[in-house]
Each structure stands twice: as C-alpha cells, then as structure tokens.
Amino acid sequence: MEHIVAAILVILFETSSPSGVLWMLLYIIGLWKILTKSGLRGFWALIPGARDYQLARCAGRESEGKIYSLTGVGMILLNLTGSYLTRNMEYSGLESVSPLVIVNGLALLMLLLVRLIYHIRVWSGLISVYGVKKR
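What you see is a predicted model, and the numbers here were worked out from it, not measured in a lab.

Points about the overall build of the chain
Part 1 of the argument: Within the chain, the secondary structure is distributed over five helices and zero strands.
Part 2 of the argument: Ordered by position from the N terminus, the helices and strands of the chain form the series α-α-α-α-α.
Part 3 of the argument: Seen along its three principal axes, the alpha-carbon backbone of the chain occupies a region of about 55 × 30 × 25 Å.
Part 4 of the argument: Sequence-distant contacts in the chain: of pairs separated by 6 or more residues, those separated by 24 or more amount to 52%.
Part 5 of the argument: Counting only carbon and sulfur atoms, one obtains 70% of the accessible surface of the chain, whose full area is about 8700 Å².
Part 6 of the argument: Of note, the chain has its 13 positive side-chain charges centred 18 Å away from the centre of its 7 negative side-chain charges.

Written as structure tokens, this is what we have:
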C-alpha cells in the first residue's frame, strides 16, 4: 500500500518526500495565481505535464512549452521506473547495482539537463511578459 501512495505522490507532486510535497504544493498555489492572472484556468496547475505547458503559454513560449511539458512527464516516468527498480533490488536481496538502475539514472540526468534549459527559457519569458527585473 505504501508503494501505491508513493507512486501517486510522485505522479501528482513529482516527489514522495514530505518536504518536497510541501514545496510543490506552494508551487502549485503560486502557479494557479499566475495562470489566472494570465487569463487561463487555474486548475491546469493541478495536472502534471499540463501545468508546464500552460506556464509556457503564459510566458509567450508555447513552442518551448511542448518540450518542457514532455520533459516533466518523462521525469515522472523515470522517477517511477527508478523507484520500482530499486524496490525490486531490495526485495530480491541484490547487493550490487543493476545496470538498469544505472541507465535509468543516466537518462534521468540527461532529461534533467534538458528540462533545466527549457525551465530557464520559460521563466525568462515569464519575466519579460510581466516586466520584472531579471535580478
């Protein structure tokens, strides 16, 4: 049962740690306000993947929003896969790291770098739209 709860938390909040869920809740509340200020429906902030695309729309970066949201969904899937692989290693009593866990970690790292680039692009667009100083 605890694995199902952890998987649901990863899907909805992109993390299963209590502090990560708290930070993500604060992010969702702030994103809801940004979306409504931009004339979009705030409930998009609750949907993983869609929240990134809608944020990119607010920033005037709709073309980057598609890749940004896909990287978010990919991160969720890789996190779920990684937790499943490590959980199976613990139950089977394996003491060495499986090559699948290493490949999953490397894929997660590469996707994280791509997501970081698009994250910077989307948020810089948001800064430009709202006329806030970049500092």
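We are not done yet, so read on.
Some words on the pattern of salt bridges
Part 1 of the argument: One pass over the full model with this rule turns up three salt bridges.
Part 2 of the argument: For E14, the salt bridge is made with R51, and the minimal N-O distance between the two is 3.4 Å. Of this pair, E14 sits in the loop between α1 (2-13) and α2 (18-37) while R51 sits in helix α3 (residues 50-58), placing them 37 residues apart in sequence.
Part 3 of the argument: The exposure class of E14 is partly exposed, given its relative accessible area of 26%.
Part 4 of the argument: In this structure R51 comes out as buried when scored by relative accessible area, which is 0%.

Structural notes on the packing of α2 against helix α5 (residues 99-130)
Part 1 of the argument: Viewed as axis vectors pointing N to C, α2 and α5 meet at an angle of 45°, and their least axial separation amounts to 13 Å. Considered as vectors, α2 and α5 are oriented oblique to each other. Relative to α5, α2 is oriented so that their crossing is left-handed. Facing Y27, I34 and K37 of α2, the residues of α5 in contact are W123, L126 and Y130.

Quick notes on the confidence of the model for the chain
Part 1 of the argument: Overall, the prediction assigns the chain a mean pLDDT of 88, with 92% of residues at 70 or greater.
Part 2 of the argument: When pLDDT is averaged over each helix and strand of the chain, the minimum, 84, is found for α1 and the maximum, 94, for α3.

Quick notes on the rules
- Residues numbered from 1 in each chain as written.
- Predicted model: local features only at pLDDT ≥ 70, side-chain atom pairs only at ≥ 80, totals over all residues.
- Heavy atoms only, no water.
- Helix = DSSP H or I, 4+ residues; strand = E, 2+ residues; numbered from the N terminus.
- Contact = heavy atoms within 4.5 Å.
- Areas by Shrake-Rupley, 256 points an atom, 1.4 Å probe, with all protein chains shown as cover.
- Lys, Arg positive; Asp, Glu negative; His and termini not counted.
- Charge placed at Lys NZ, Arg CZ, Asp CG, Glu CD.
- Salt bridge = Lys/Arg side-chain N within 4 Å of Asp/Glu carboxyl O.
- Buried < 20%, exposed > 50% of the residue type's maximum accessible area, 1.4 Å probe, protein only.
- Axes fitted to C-alpha atoms, helices over the stretch in contact; angles between N-to-C directions.
- Parallel < 35°, antiparallel > 145°, perpendicular 65-115°, else oblique.
- Left-handed = near helix turned anticlockwise from the far one by under 90°.
- pLDDT = per-residue confidence, 0-100.

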